[in-house]
Amino acid sequence: MILGTVKLWNQTQGWGFIEAEDGEEYFFNISNIRKGQRIRERAKVKFDTEETQKGTEAIHVSLT
């Protein structure tokens, strides 16, 4: 799993960006957050990545 920080989280639209420890940014959607997790900006998270048609996305996002 990769560690990072939620850089932007749009609760009403259900999407955001995570900045990984290596400086890369990853898009994520509310459907990529593990059940029971309440994400907010500046939260420390861990996640996996997956290649999609739109690029690399963060999946299995959860709080650390």
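A short tour of the structure in this document, coming up. Positions within a chain are numbered from 1, following the residues in the order the chain's sequence is written. The model is predicted, so local features are restricted to residues of pLDDT at least 70 and side-chain atom pairs to those at 80 or more, both for listing and for counting; the totals for chains, interfaces and linings are taken over all residues. Side-chain metrics rest on all non-hydrogen atoms present in the structure, leaving aside hydrogens and water.

### Considering the nonpolar core
Piece 1. Counting 13 residues, the largest nonpolar core has V6, I18, F28, I39, F47 and V61 as its most contacted members.
Piece 2. To qualify as a helix, a DSSP run of H or I must reach at least 4 residues; to qualify as a strand, a run of E must reach at least 2; elements of each kind are numbered from the N terminus. The set of elements that each furnish at least two residues to this core consists of β1 (2–10), β2 (15–20), β3 (25–29), β4 (44–52) and β5 (55–63).
Piece 3. With residues near it in sequence (within four places) discarded, V61 still touches I18, F28, N32, I33, R34, Q37, I39, V45, K46 and F47. As used here, the term nonpolar core means buried Ala, Val, Leu, Ile, Met, Phe, Trp, Tyr and Cys residues forming a set that is joined through side-chain atoms within 4.5 Å. Each residue is assigned to one of three classes by its accessible area relative to the maximum for its type, calculated with a 1.4 Å probe on protein chains only: buried under 20%, partly exposed between the two thresholds, exposed over 50%. Contacts are residue-level and defined by heavy atoms, with any inter-residue pair within 4.5 Å sufficient.

### Overview of the pattern of salt bridges
Piece 1. Counted as salt bridges are all cases of a side-chain nitrogen of Lys or Arg within 4 Å of a carboxyl oxygen of Asp or Glu. A complete count under the given rule lists one salt bridge for this structure.
Piece 2. In this structure, E25 engages K7 in a salt bridge whose closest nitrogen and oxygen atoms are separated by 2.4 Å. With E25 in strand β3 and K7 in strand β1, this residue pair connects regions lying 18 residues apart in the sequence.
Piece 3. Since its relative accessible area comes to 46%, K7 is described here as partly exposed.

### Some points on the side chain of E57
Piece 1. Assignment of secondary structure puts E57 in strand β5.
Piece 2. Positive: Lys, Arg. Negative: Asp, Glu. His and the chain ends are not part of the count. Here E57 is buried and forms no salt bridge, its nearest opposite-charge partner K54 lying at an N-O distance of 6.2 Å.
Piece 3. Excluding residues within four positions of it along the chain, E57 makes contact with F27, N32, D48, T49, E50 and T52.

### Considerations on unusual backbone geometry
Piece 1. Not every positive phi belongs to a glycine, and R42 is a case in point at roughly 70°.
Piece 2. Relative to the helices and strands, R42 resides in the loop between β3 and β4.
Piece 3. By relative accessible area, R42 is classed as exposed at 68%.
Piece 4. The phi torsion at H60 lies on the positive side, around 55°, for a residue other than glycine.
Piece 5. Counting through the fold element by element, H60 comes out in strand β5.
Piece 6. Residue classification places H60 among the partly exposed residues on the basis of a relative accessible area of 38%.

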